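# A structural walkthrough
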Protein chains: 2
Amino acid sequence: MGPLPEGIPMPRPEPISFRRSTLGGDVYEALKSLVLEHRLSPGDRINIDALAREFAVSPTPIREALARLESDGLVRKRPLAGYTVSPLLTRAEFDAMFEMRLLLECASTRWAAERADAARREAISAEAATTVASEEDDPDGWHAAFTALDARFHDLVAEASGNDLLRDGIDRLHAHLHLHRRYFPYAQAGATLEEHRRIAAAIQAADPDGAESAMREHLTRARERHLPAFD
Amino acid sequence: MGPLPEGIPMPRPEPISFRRSTLGGDVYEALKSLVLEHRLSPGDRINIDALAREFAVSPTPIREALARLESDGLVRKRPLAGYTVSPLLTRAEFDAMFEMRLLLECASTRWAAERADAARREAISAEAATTVASEEDDPDGWHAAFTALDARFHDLVAEASGNDLLRDGIDRLHAHLHLHRRYFPYAQAGATLEEHRRIAAAIQAADPDGAESAMREHLTRARERHLPAFD
DNA sequence: TCATCGTAGATCCTATAGGATATTTCCGGC
DNA sequence: GCCGGAAATATCCTATAGGATCTACGATGA
């Protein structure tokens, strides 16, 4: 079993004495990355044997990784016919997802404002102050950087809520959102960042009502920004 | 590959032309059942080779099923050292779970009251009217029956919310709750059923505030009923 | 008696092989 | 040209085998 092929962003570090991961774990991360970074598109067939040849591994770790990704909701399995990448959200699914985001993320923001320690409040504010380079410089790189920034911000808030189950639930939602976002232009980064800063300020000020209201407004506007994609 | 061994409640029906499941799928269901029906206890080591011998199958479908169950949160994997059943909730985890239940299930109940069609409202009321036989007659069977009834009621409400993501989230929470419940006596079935009936009546009456309030009270009391277990 | 080290056996992980099933291609009939 | 059936090929699924790693136990030394 040689090194993983070029183009797969998953270097295999040399084993060291406290290394605890396995090939199977690495394959899961690589496949997840293929999906979330859109090198496998929604609806694409995932050919186990071809992937095993491409990764130069046996099918066994591929199958295990796919089983995990199925439970994560990122791929779908048809028994005896294989796996596909989960499709893009329908309009109804999109609405359900934003409804769920509103439920989970408004709560997480309120709880963060109530409960976060000073270090976490500071980290949220610092993240909200982060900017990304201009979109004209590098459109693809910009998109990835902006997406990563947005994800980090929301995850920091979810972590600060103090409820791990809630954080996990938000993380799962974001994986679905990631799948979706590449295919629908995400306009108005400036507005998004301003909204993040408003949320962070309310959390810093330990203002639960203000924080929840700012997150609600952010998500409502984010939803509106996405809606043209369904026209 | 012969039939599955006695004692495993998973008959393998003869293949029929429209059968779409696989051995791997059957193994997943059987393992999940072992965990949720507590024939594997929290913290138990899961020995892949022994299970493969016991089920008279190869390790491959066992490993895939375990990968899925790990993503479901029901088992935990230590790389190179195998899987264990997820442990019982700590008090802090228990609190986080009930906090999450309150968030998700109060919303699902409110939405069900707002949105459910007449058939669903009727189904919820019918389910709430269902009773289980007396606990003295068959303590083990009673417990399983009561647990199943409770799960069905809550899932009907979640389904009636009209948001599949929310229903999935509640389902995942309930799997964790199932894991926990066998080890802590679930007292006062009468009170629980009365609370279910109050929730159902508010949903039937299309009263979102009343429904949400009834579910909040039910969950708050359920939580209190569990708390002595941590003493 | 306790701690450490070495060894044997058990278990985990992955590769390979083979059978079952699905999909694609080809051919014949209308 | 279109449709249906058969054959060929690809793919999926699972069993088996073998190497890597972990765990448990016994022996030895302080």
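This text gives an overview of the structure that appears in the document. Predicted model only: the values in this text are computed from it and were never measured.

## A short note on the interface of chain B and chain A
Each side of the interface is counted separately: chain B has 27 residues, and chain A has 28 residues. For the pair chain B and chain A, the summed buried area comes to about 2,700 Å², and 57% of that belongs to carbon and sulfur atoms. Where chain B touches chain A, the interface holds 6 salt bridges. Here Glu64 of chain B ties to Arg63 of chain A by a salt bridge, and the two come within 2.7 Å at their closest N and O atoms. On the surface where chain B and chain A come into contact, there are 12 residue pairs in polar contact (both at pLDDT 80 or more). Secondary structure elements with two or more residues in the side of chain B that touches chain A: α3 (59-72), α4 (91-115) and α7 (164-181) of chain B. Looking at the side of chain B that touches chain A, the element that brings in the most residues is α4 of chain B, giving 9 residues. Of the residues belonging to the side of chain B that touches chain A, the class tally is 14 nonpolar, 3 polar and 10 charged.

## Describing the protein's contact with DNA strand D
Among the 24 residues in the neighbourhood of DNA strand D, the closest are listed as Asn47, Arg63 and Leu80 of chain A together with Leu23 and Ser58 of chain B. Backbone atoms, meaning sugar plus phosphate, form 81% of the atoms of DNA strand D positioned within 4 Å of the protein. At a separation of 3.0 Å, a phosphate oxygen of DNA strand D approaches a polar side-chain atom of Arg45 of chain A. If you list the elements that add at least two residues to the surface near DNA strand D, you get β1 (45-46) and α2 (48-55) of chain A together with α1 (23-36) and α3 of chain B. The element contributing the most residues to the surface near DNA strand D is α3 of chain B, with 3 residues. When its residues are assigned to classes, the surface near DNA strand D shows 12 nonpolar, 6 polar and 6 charged.

## Here's the deal with the pattern of salt bridges
When their charged atoms lie close together, side chains carrying opposite charge are able to pair. Residues and elements named next belong to chain B. Counted according to the given criterion, the structure contains 40 salt bridges over all chains. Two residues, Arg91 and Asp95, come together in a salt bridge whose shortest N-O distance is 3.3 Å. Placement of the pair is Arg91 and Asp95 together in helix α4, with a separation of 4 residues, close to one helical turn. Taking the relative accessible area as the measure of exposure, Asp95 reaches 25% and is therefore partly exposed. Of the charged contacts, one joins Arg221 and Glu217 as a salt bridge, the two residues approaching to 3.1 Å between their closest N and O atoms. In this pair, Arg221 and Glu217 are both assigned in helix α9 (residues 208-226), 4 residues apart and thus about one turn of the helix distant. Assessed through its relative accessible area of 39%, Arg221 is described here as partly exposed.

## Quick word on the packing of aromatic side chains
Residues and elements named next belong to chain A. Evaluated as defined, the whole model comprises 2 aromatic pairs over all chains. With a centroid separation of 4.9 Å and 50° between ring planes, the pair formed by Phe94 and Phe98 is classed as tilted. With Phe94 and Phe98 both in helix α4 (residues 91-115), this residue pair falls 4 residues apart, about one helical turn. According to the relative accessible area criterion, Phe94 is buried, its value standing at 0%.

## A short note on the side chain of Ser71 of chain A
When you line up the elements, Ser71 of chain A lands in helix α3 (residues 59-72). Taking the relative accessible area as the measure of exposure, Ser71 of chain A reaches 13% and is therefore buried. Here Ser71 of chain A is in contact with Arg172 of chain A together with Arg68, Ser71, Asp72 and Arg172 of chain B, once residues within four sequence places are set aside.

## Description of the relation of the copies chain B and chain A
Rotating chain B by 180° and translating it 0.0 Å along the rotation axis places it on chain A, where the RMSD comes to 0.0 Å. Both chain copies can therefore be described as sitting about a two-fold axis. Interface overlap between copies: 100% of the residues of chain B at the interface are likewise at the interface in chain A, consistent with a symmetric, same-surface contact.

Procedures and definitions
Residues numbered from 1 in each chain as written. Chains lettered and ligands numbered in written order. Predicted model: local features only at pLDDT ≥ 70, side-chain atom pairs only at ≥ 80, totals over all residues. Heavy atoms only, no water. Contact = heavy atoms within 4.5 Å. Buried area = accessible area lost by both parts, 1.4 Å probe. Salt bridge = Lys/Arg side-chain N within 4 Å of Asp/Glu carboxyl O. Polar contact = N/O pair within 3.5 Å; in protein donor to acceptor, adjacent residues only side chain to side chain. Helix = DSSP H or I, 4+ residues; strand = E, 2+ residues; numbered from the N terminus. Nonpolar A, V, L, I, M, F, W, Y, C, P; charged D, E, K, R; others polar. Near = heavy atom within 4 Å. Buried < 20%, exposed > 50% of the residue type's maximum accessible area, 1.4 Å probe, protein only. Phe/Tyr/Trp six-rings, centres within 6.5 Å; stacked < 30°, edge-to-face > 60°. Least-squares fit on C-alpha atoms with pLDDT ≥ 70 in both.

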